[in-house]
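Each chain is listed here by its residues.
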Amino acid sequence: MLRLSSLVRFVLTILPIVAGLLWVNPVDLWAHDGQGGHAGALRLELPEGKECVKSAEWMRRNHMDFLKHNRDQAVREGIRVKTDSLKNCTTCHTSREKFCDRCHTYTGVAPNCFECHHYPK
Amino acid sequence: MTMATLERRAVLGLAGALAAGVTLAPGMTLLAAPAERTEASAGRRWAMLIDTTQCAANCTACTTACRKENNVPLFGEPSRDIHWIRKVEIRDKDQRRPTVSLPVLCNHCENPPCVHVCPTEASFIRKDGIVLVDEHRCIGCRYCIIACPYKARSLVYHETKRGAESNPDVPIRSKGVVEKCTFCVHRLDNGQEPACVEACKGEGKGAMLFGDLNDPRSEIAKRVHTVATKTMRPDLGLKPRIYYQGL
Amino acid sequence: MIDEFAAIEGRSQGYWKLLAGMGVLLLLGAAAFIYIEVNGHGVTGMNNTVVWGLPHVFAISLLVMASGSLNLGSMSTIFAVKHFKQFGRFSAFLSIVLLAGGLTVLTLDLGRPDRMLLIMLHMNFRSMFTWNVFLYSGFTVLCFLYLWSMFQFPQYTKAAGSAAFMWRFILTTGTGSIFGVIHAREVFHSAITAPTFVAISLTSGTALSILLLLASFRLTARELDLRLVHALRNALIFFLLLVLYLLVVEKFTKFYSPAFYAVETWILSGSFAWLYWGGVVVLGILAPLGVLFNAKWGNQVGGIAFSSGMVVLGLFCFVGFVLIAGQSYPLDMFPGYEVSSVFQDGLEGSYAPTLVELLLGLGGIGVSGLLYLLGIRFFRLLPRKAVVPQGWDVAWRP
């Protein structure tokens, strides 16, 4: 008979080891090394121009999927839409630090796009 | 996606198709004006013809231009440097033919083994026949480097940084992913030729010819069908699209 | 029947020391992984000619042994050698833990391990790697079912065992095919590469099982009948001859064709010839055979253990040779021409492994070892004593 209790004990012994290893996951360490956090209200630099490529409300919620969808379209299908490209964001949101990053640190996400992609500031 | 965006896309698509259809001269559809929306065409097969008799041994115009255009760094470690295109010197083992210097780059094969082995479909064939690495999807397993018989691919071993002379239009090379020549897709989609071809026409002796094999009026289609050309390792059955003349 | 099995006590100092040792290996492996991940693969000895290094050698060796470890179970379930039934649980469990160790190293050596899950989202079914994802996970499931049936549902053991047995052949064929199907690499492109991997999994899996059984029984002061070890020795001899046969056939076929003269001559006398002759041929096959065929050593526990050790090391040499030599041999891009360039075209690849790679690889052994040690403590995997009835004996002895 395979005793349930021994199975449970086995799993309980392995779990802390795995959890411990995941805890020091460098990818995670990266994500949290900004000085961010919820310190007061979020202030974003106002973009140049009047309207975002979609409504601001929609962009706030969906810009990540929007960018990724556009990325797959551009890279894999060869369909490039000038206005929707990552490059185009820079024309109005001139500073990444004061716009994208500020919100990302606030919300605790760390997109790694700019390891490779260029953003002027 | 909302209805509004769908419509907008459709309209843009129409405009793009119109713009791409404008032919400046027979065989010159390549140089359509940059449009708001561009799309790779499934009917095209980009290819390159290299006239080795025109390729000077000490000329590195193509490799230099490629490094500059695509932000390909040199680490100064010969075994780990990234080469999207490189000059190779070949000597006949029987000493009967003269030594030849020629550029070797990704062959954009019709049957690319790198694409066959890629577990995540990060390596893929674009509609117009260009073999690309989707750097957003590459997990860095390096199986493709094992599979490629031309040593066209490199893993990026070190972190790279953007410098003052970096090309802002192209992402920099990021460590842990596999890279290779893209035929400068970003330029192609913009109606320009690859950087190496342009440099070869300028500083070099014009050994490189680039174009659409499927367009019977194009210069390259005519040349490939009339002069004797060779491809690398035809015995492997990969059907490369880099043709060498004068070997 | 069921009461013949017992978990080990696991209270002795020796047990804790072993556990700690494996834990240290695991932690060092984890540290090495983080170090590589943060600094990039530049801190390893790999380069753009030899892109798979020591971690892959460890990983693939562990995976090969994983399928081989199922031998003992298959012997009873498939080939009806009743006396091996007592090792069935041990064997299926060992397969699972070795697989875990190997896969850990394999995935942690990726250039972008953070994107690992993409494999699950986008699959290319032409890739041997994708196949292997299914082969490995399927094998784990089957081994688990097999193990479970042995614990609780003996009536299903035959079915589960047969499925696992079949799967293990496909699995190792898949592992071998990672190399065998690559046309560009002359050293390992061959239809016989995958069968050779299967054969070598038989030898190394059996050898590792012998070693672990001897050690586990001795350290827990349980009784292990020498005749059982002799039966395993006979199996090992048979498997070793099989590997030898495949190697000879391969060399024979290739040397018959002038197209392969250059690469085969390089294998047998080039810069990796020491690994081929010393590691694969002598250490992995001839020396163990010599010891096992010896009338004195071949019948002693010491001799059998020693040759098993050599066989396991031989496996590492074999995988190391296929991988490192296979990648180092220059690609023949322009047949009939000598090539040279700034990218080391036409030159043999060079590879000097660094400490971090070794630690990452050993980390895999740490994972497997730790799981094994914990497993035999929590589950009743090993028999209280492994004996055979009075009159029984092996059919042949040196």
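**Q** Honestly, the overall build of chain B in this entry has me stumped. Any pointers?
**A** On a plain count of helices and strands, chain B comes out with seven helices and 11 strands. Put simply, chain B has 247 residues, and 60% of those count as buried. Excluding contacts between residues fewer than 6 apart, the proportion of contacts in chain B whose partners are at least 24 apart in sequence is 61%. Accessible surface for chain B amounts to roughly 10200 Å². Of this, 55% is attributable to carbon and sulfur atoms.

**Q** Is there a simple way to think about the overall build of chain C in this case?
**A** Counting its secondary structure elements, chain C contains 13 helices and five strands. On C-alpha atoms alone, chain C measures out to a radius of gyration of 21 Å, which is about the 21 Å that the 2.2 N^0.38 rule sets for 398 residues. The dimensions of chain C, computed from C-alpha atoms along their principal axes, are 70 × 45 × 40 Å. The contacts of chain C with a sequence gap of at least 6 include a subset with a gap of at least 24, amounting to 82%. Total accessible area on chain C stands at roughly 15400 Å², and carbon and sulfur atoms take up 72% of it. One way to put it: in chain C the 23 positive side-chain charges average out to a point 15 Å from where the 17 negative ones average out.

**Q** It is not clear to me how the interface of chain B and chain A should be interpreted in this structure. Could you clarify?
**A** A common way to state how big an interface is: give the accessible area lost once the parts meet. Contacts between the two partners involve 31 residues from chain B, matched on the other side by 20 residues from chain A. Contact between chain B and chain A buries roughly 2400 Å² in total, counting both sides, with carbon and sulfur atoms accounting for 48%. On the surface where chain B and chain A come into contact, there are two salt bridges. In this structure, Arg 80 of chain A and Asp 189 of chain B form a salt bridge, with 2.6 Å as the shortest nitrogen-oxygen distance. The interface formed by chain B and chain A holds nine residue pairs in polar contact (both at pLDDT 80 or more) in total. Put simply, the parts of the chain that give the side of chain B that touches chain A at least two residues each are helix H1 (3-21), strand E1 (37-39) and helix H5 (185-188) of chain B. Ranked by residues supplied to the side of chain B that touches chain A, first place goes to H1 of chain B with four residues. Broken down by class, the residue content of the side of chain B that touches chain A amounts to 12 nonpolar, six polar and 13 charged. Note: strand E1 (residues 79-81) of chain A against E1 of chain B, three bridges, orientation antiparallel.

**Q** What is the right way to read unusual backbone geometry from this model?
**A** Both trends apply: most residues other than glycine have a negative phi, and most peptide bonds are in trans. Within the chain, Arg 233 of chain B stands out as a residue other than glycine whose phi angle is a positive 45°. Here the phi dihedral of Gln 344 of chain C falls at roughly 60°; this positive angle occurs in a residue that is not glycine. Looking at the secondary structure, you find Gln 344 of chain C in the loop between strand E3 (337-341) and helix H13 (355-378). Residue Gln 344 of chain C is classed as buried on the basis of its relative accessible area, which comes to 19%.

**Q** What is the right way to look at the environment of Leu 44 of chain A in this model?
**A** All names here are of chain A. Secondary-structure assignment places Leu 44 in the loop between helix H2 (26-31) and helix H3 (56-77). Each C-alpha atom of the pair Leu 44 and Asp 72 lies 28 Å from the other, and the pair is 28 residues apart in sequence. Residues in contact with Leu 44, not counting those within four places in the same chain, are Lys 98, Phe 99, Arg 102 and Cys 103.

**Q** What am I meant to see in the interface of chain B and chain C here?
**A** Each partner contributes residues to the interface: chain B has 51 residues there, and chain C has 56 residues. Among the residues chain B hides against chain C, the three largest losses belong to Tyr 143, Ile 146 and Lys 151 of chain B. Together they make up 16% of the total. For the interface between chain B and chain C, the tally reads three salt bridges. Counting only elements with at least two residues in the side of chain B that touches chain C, the list comes to strand E3 (85-92), strand E4 (100-105), helix H3 (113-117), helix H4 (143-147) and strand E7 (154-155) of chain B.

**Q** Even after reading the chapter, I still don't get the packing of aromatic side chains, so can you show me in this structure?
**A** The relative placement of two aromatic rings is captured by the distance of their centres and the angle of their planes. Residues and elements named next belong to chain C. Summed over all chains, the structure comprises 31 aromatic pairs over all chains. With a centroid separation of 4.9 Å and an interplanar angle of 55°, the aromatic rings of Trp 266 and Tyr 329 are classed as tilted. Of this pair, Trp 266 sits in helix H10 (residues 261-269) while Tyr 329 is found in the loop between helix H12 (301-328) and E3, placing the two residues 63 residues apart along the sequence. With respect to burial, Trp 266 and Tyr 329 carry one shared label: buried. Ring geometry for Tyr 276 and Phe 321: centres 5.0 Å apart, planes at 55°, overall tilted. In this pair, Tyr 276 sits in helix H11 (residues 273-293) while Phe 321 sits in helix H12, placing the two residues 45 residues apart along the sequence. Its relative accessible area of 6% is what places Tyr 276 among the buried residues.

**Q** Just to check I follow, could you spell out the side chain of Arg 126 of chain B for this structure?
**A** Relative to the helices and strands, Arg 126 of chain B resides in the loop between strand E5 (123-125) and strand E6 (131-133). For Arg 126 of chain B, a relative accessible area of 2% translates into the label buried. Of the polar contacts made by the side chain of Arg 126 of chain B, one reaches the side chain of Asp 189 of chain B; its length is 3.0 Å. Not counting chain neighbours up to four residues away, the residues in contact with Arg 126 of chain B comprise Ala 74, Val 75, Arg 76 and Gly 78 of chain A together with Ala 40, Leu 132, Val 185 and Asp 189 of chain B.

**Q** I would appreciate a short explanation of the nonpolar core in the present structure.
**A** Burial of nonpolar side chains together is a common tendency in soluble globular proteins. Core analysis: the largest hydrophobic core is formed by 191 residues, its most contacted members being Met 48, Tyr 143 and Phe 183 of chain B. Residues Ala 47, Leu 49, Leu 213 and Tyr 243 of chain B belong to the second largest nonpolar core, which totals seven residues.

**Q** Looking at this structure, I do not really get the pattern of salt bridges. What am I missing?
**A** A pair can form between side chains of opposite charge whenever their charged atoms are brought close. Evaluation of the coordinates by the stated rule reveals 35 salt bridges over all chains. With a shortest N-O distance of 3.5 Å, Glu 338 of chain C and Arg 91 of chain B are connected by a salt bridge. Of the two residues, Glu 338 of chain C sits in strand E3 while Arg 91 of chain B sits in strand E3, which places them in two different chains. Of the charged contacts, one joins Lys 251 of chain C and Glu 250 of chain C as a salt bridge, the two residues approaching to 3.6 Å between their closest N and O atoms. What makes Glu 250 of chain C buried here is its relative accessible area of 11%. Three or more residues are tied together by salt bridges with common partners; here these are Arg 80 of chain A together with Arg 126, Asp 128 and Asp 189 of chain B.

The rules behind each value
Residues numbered from 1 in each chain as written. Chains lettered and ligands numbered in written order. Predicted model: local features only at pLDDT ≥ 70, side-chain atom pairs only at ≥ 80, totals over all residues. Heavy atoms only, no water. Helix = DSSP H or I, 4+ residues; strand = E, 2+ residues; numbered from the N terminus. Buried < 20%, exposed > 50% of the residue type's maximum accessible area, 1.4 Å probe, protein only. Contact = heavy atoms within 4.5 Å. Areas by Shrake-Rupley, 256 points an atom, 1.4 Å probe, with all protein chains shown as cover. Rg over C-alpha atoms; globule rule 2.2 N^0.38 Å. Lys, Arg positive; Asp, Glu negative; His and termini not counted. Charge placed at Lys NZ, Arg CZ, Asp CG, Glu CD. Buried area = accessible area lost by both parts, 1.4 Å probe. Salt bridge = Lys/Arg side-chain N within 4 Å of Asp/Glu carboxyl O. Polar contact = N/O pair within 3.5 Å; in protein donor to acceptor, adjacent residues only side chain to side chain. Nonpolar A, V, L, I, M, F, W, Y, C, P; charged D, E, K, R; others polar. Pairing = 2+ DSSP bridges. Phe/Tyr/Trp six-rings, centres within 6.5 Å; stacked < 30°, edge-to-face > 60°. Core = buried A, V, L, I, M, F, W, Y, C linked by side-chain atoms within 4.5 Å.

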